[in-house]
Amino acid sequence: MAATVVTRGDVSGLDNKDFEKLAVPLLDGLYNFACWLSGDPDEARDLVQETFLKSLRGFASFREGTNFRAWMFRILRNTFLTSRTGLERRNTRQEDEEGFEDSAVTQETPELALIRRADTELVQAAIAQLAPAFQEVILLADMEEMKYQEIADALDIPIGTVMSRLARARRQVRGHIVTVLGEKKIAGAKR
Amino acid sequence: MNCEWREKTGLYVDGELEPAAQQAFAGHLQACSDCSAAVLEQQELKKAVRLAGKRFSAPPELYANVRKQMRPRAGAGMWWKLGSVAAGLVIIAALGISWFSRSSGRNATIAQLVDQHVAMTATNNLDVVSGNQHTVKPWYQGKVPFTFNVPNLAADSPFKLIGGKLVYVEQKPGAELVYQAGLHKISVFIFQAGDHASRQPAWNHDSSFSVSSWTAGGRQCYLVTDASQDEAGQLVTLFQEANRS
């Protein structure tokens, strides 16, 4: 989906209807992202509803030139981070990010065939094992197809951090796929 | 590999290079097999993450709740002024609009399913080709966010399972199971339902195809065919029995 940047012309006299027109198409993506963040569909539902409430209230102060989609994702993420699960995650999983080691598999060995063989379940498992900071970047980049700047706006991090996290997230996902399918291949050969 | 372009593959795949650099990189790919292999791999990975990442679909009631939040109800006082007759008219109009929007939403879904069925019969393009329900059912594992049973057909059954397809209708993944009944093909579509209510089969004949829709066990099912309703109805019953919880 292309970035929705609201310009000055759009801002004058924006009302609930305009908000609805801009925000409702984002609902499915926001819900999917909320499910990944919280790991719980009920919590994701509450997060999305709260996000819509907050953004509707804050719509009057929405500034021209701002990327609307990034703004909505940012509200969702901030809502999550201040929720009970979000706080727990920040306390318990931050270390994962700090002590995050890159996979031994480097980009120098193309394993195209293995990636093509990976089914949805395996790729989902690969995404799920990422530390949250890497997971959200790869989901926004590849699933929401956001540009780097849009991701930086949504997550409130510098664009350089987006790039480095994205590269590491991809190495991790790739490493997971190659390791799992590679092991299966070896096990198959031994049999 | 020491190609100076190598570190730009991620930027290229994400479309983050300046237009001129993007074009130059594309030119470089013609000559450098290492970079083109790396780009291909990253594109595949990106595609795999995109497909796998789209794992959860917002339930219809969430859309309804959010819409309700955005449209606060009008002040109660106004209704008193309108009087009972006017209020009655408004309610009738609202019911009409709600019925119309529900029914047009439903019709749009049915039109998409009929298109999907026609495209399948024209191309015979199936993702899994098998007459064995024990092959077809497991194929959907991990591809759709729900489970379902494929009926066990008797040897003299008029229906023959041909295979299945993964379909997306209104951005939701679903299963299309394809059966042969004489010269006719029948598609049975299964999606995740918005609730756990059970709705008996309802037939729609707006197009030249017979379409039946029913809901059971958290699954929304549709059958689309050019076979007769009587014949197709038997398959609906088989599916209902196989999926009785």
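The preceding data block contains the structure.
Here's what I pulled together on the structure shown here.

### Quick notes on the overall build of chain A
So, step 1. Helix and strand content of chain A: eleven helices and zero strands.
So, step 2. Reading chain A from its N end, one meets helices and strands in the order α-α-α-α-α-α-α-α-α-α-α.
So, step 3. When each of the 191 residues of chain A is scored for burial, the buried share is 49%.
So, step 4. Pairs at least 24 residues apart make up 75% of the contacts formed inside chain A by residues separated by at least 6 positions.

### Quick word on the packing of helix α3 (residues 27-38) of chain A against helix α4 (residues 41-58) of chain A
The relative placement of two packed helices is expressed as an angle between their axes plus a distance between the axes.
Residues and elements named next belong to chain A.
So, step 1. Following both chains from N to C, one finds α3 and α4 inclined at 130°, their axes separated by 8 Å at the closest point. In terms of axis orientation, α3 runs oblique to α4. The interaxial crossing formed by α3 with α4 has right-handed handedness. Taking contact as the criterion, the partners of Leu27, Leu30, Tyr31, Ala34, Cys35 and Ser38 in α3 are, on α4, Pro41, Glu43, Ala44, Arg45, Leu47, Val48 and Phe52.
So, step 2. Classifying every residue of the contact of α3 with α4 gives ten nonpolar, one polar and two charged.

### Concerning the nonpolar core
So, step 1. Counting residues in each nonpolar core, the largest one holds 66 residues, and the members touching the most others are Phe19, Val48, Phe52, Phe68, Met72 and Ile177 of chain A.
So, step 2. At nine residues, the largest contribution of residues to this core is made by helix α5 (residues 68-81) of chain A.
So, step 3. In this structure Phe52 of chain A touches Phe19, Ala23, Val24, Leu27, Leu30 and Met72 of chain A together with Val66, Gln69 and Met70 of chain B, once residues within four positions along its chain are discounted.
So, step 4. Core analysis: the next-biggest nonpolar cluster, separate from the first, contains 23 residues, Val128, Phe159, Ala181 and Val188 of chain B among them.

### A short note on the interface of chain A and chain B
Interface size is commonly expressed as the accessible area that is lost once the parts come together.
So, step 1. Contact with chain A, which involves 43 residues of that partner, is made by 38 residues of chain B.
So, step 2. Across the chain A/chain B interface, buried area totals approximately 4000 Å², and carbon plus sulfur atoms make up 59% of it.
So, step 3. Taken as a group, Glu20, Asp28 and Tyr148 of chain A account for 14% of the area that chain A buries against chain B, more than any other trio of residues on that side.
So, step 4. Where chain A touches chain B, the interface holds six salt bridges.
So, step 5. With a shortest N-O distance of 3.0 Å, Lys46 of chain B and Asp142 of chain A are connected by a salt bridge.
So, step 6. At the junction of chain A and chain B, the tally comes to 18 residue pairs in polar contact (both at pLDDT 80 or more).

### Here's the deal with the packing of aromatic side chains
So, step 1. This model, assessed by the stated rule, comprises 15 aromatic pairs over all chains.
So, step 2. Centroid distance Phe19 of chain A to Phe59 of chain A: 5.1 Å. Interplanar angle 65°. Geometry classified as edge-to-face. Linking Phe19 of chain A in helix α2 (residues 16-23) with Phe59 of chain A in the loop between α4 and α5, this pair joins segments that are 40 residues apart in sequence. The burial state of Phe19 of chain A is the same as that of Phe59 of chain A; both residues are buried.
So, step 3. Plain terms: the ring middles of Phe191 of chain B and Tyr222 of chain B are 6.3 Å apart, the flat faces sit at 75° to each other, and that makes the pair edge-to-face. Placement of Phe191 of chain B in strand β4 (residues 184-192) and of Tyr222 of chain B in strand β7 (residues 219-225) is noted, with a sequence separation of 31 residues between them.
So, step 4. What links up through ring pairs into an aromatic cluster is the set Phe19, Phe52, Phe59, Phe68 and Trp71 of chain A.
So, step 5. One cation-aromatic arrangement involves Arg55 of chain B over Trp36 of chain A; the distance from NZ or CZ to the ring centre is 5.1 Å.
So, step 6. Sitting over the ring of Trp139 of chain B, Lys143 of chain B keeps its end group 4.3 Å from the ring centre.

Calculation notes
- Residues numbered from 1 in each chain as written.
- Chains lettered and ligands numbered in written order.
- Predicted model: local features only at pLDDT ≥ 70, side-chain atom pairs only at ≥ 80, totals over all residues.
- Heavy atoms only, no water.
- Helix = DSSP H or I, 4+ residues; strand = E, 2+ residues; numbered from the N terminus.
- Buried < 20%, exposed > 50% of the residue type's maximum accessible area, 1.4 Å probe, protein only.
- Contact = heavy atoms within 4.5 Å.
- Axes fitted to C-alpha atoms, helices over the stretch in contact; angles between N-to-C directions.
- Parallel < 35°, antiparallel > 145°, perpendicular 65-115°, else oblique.
- Left-handed = near helix turned anticlockwise from the far one by under 90°.
- Nonpolar A, V, L, I, M, F, W, Y, C, P; charged D, E, K, R; others polar.
- Core = buried A, V, L, I, M, F, W, Y, C linked by side-chain atoms within 4.5 Å.
- Buried area = accessible area lost by both parts, 1.4 Å probe.
- Salt bridge = Lys/Arg side-chain N within 4 Å of Asp/Glu carboxyl O.
- Polar contact = N/O pair within 3.5 Å; in protein donor to acceptor, adjacent residues only side chain to side chain.
- Phe/Tyr/Trp six-rings, centres within 6.5 Å; stacked < 30°, edge-to-face > 60°.
- Lys NZ or Arg CZ within 6 Å of the ring centre and 35° of its normal.

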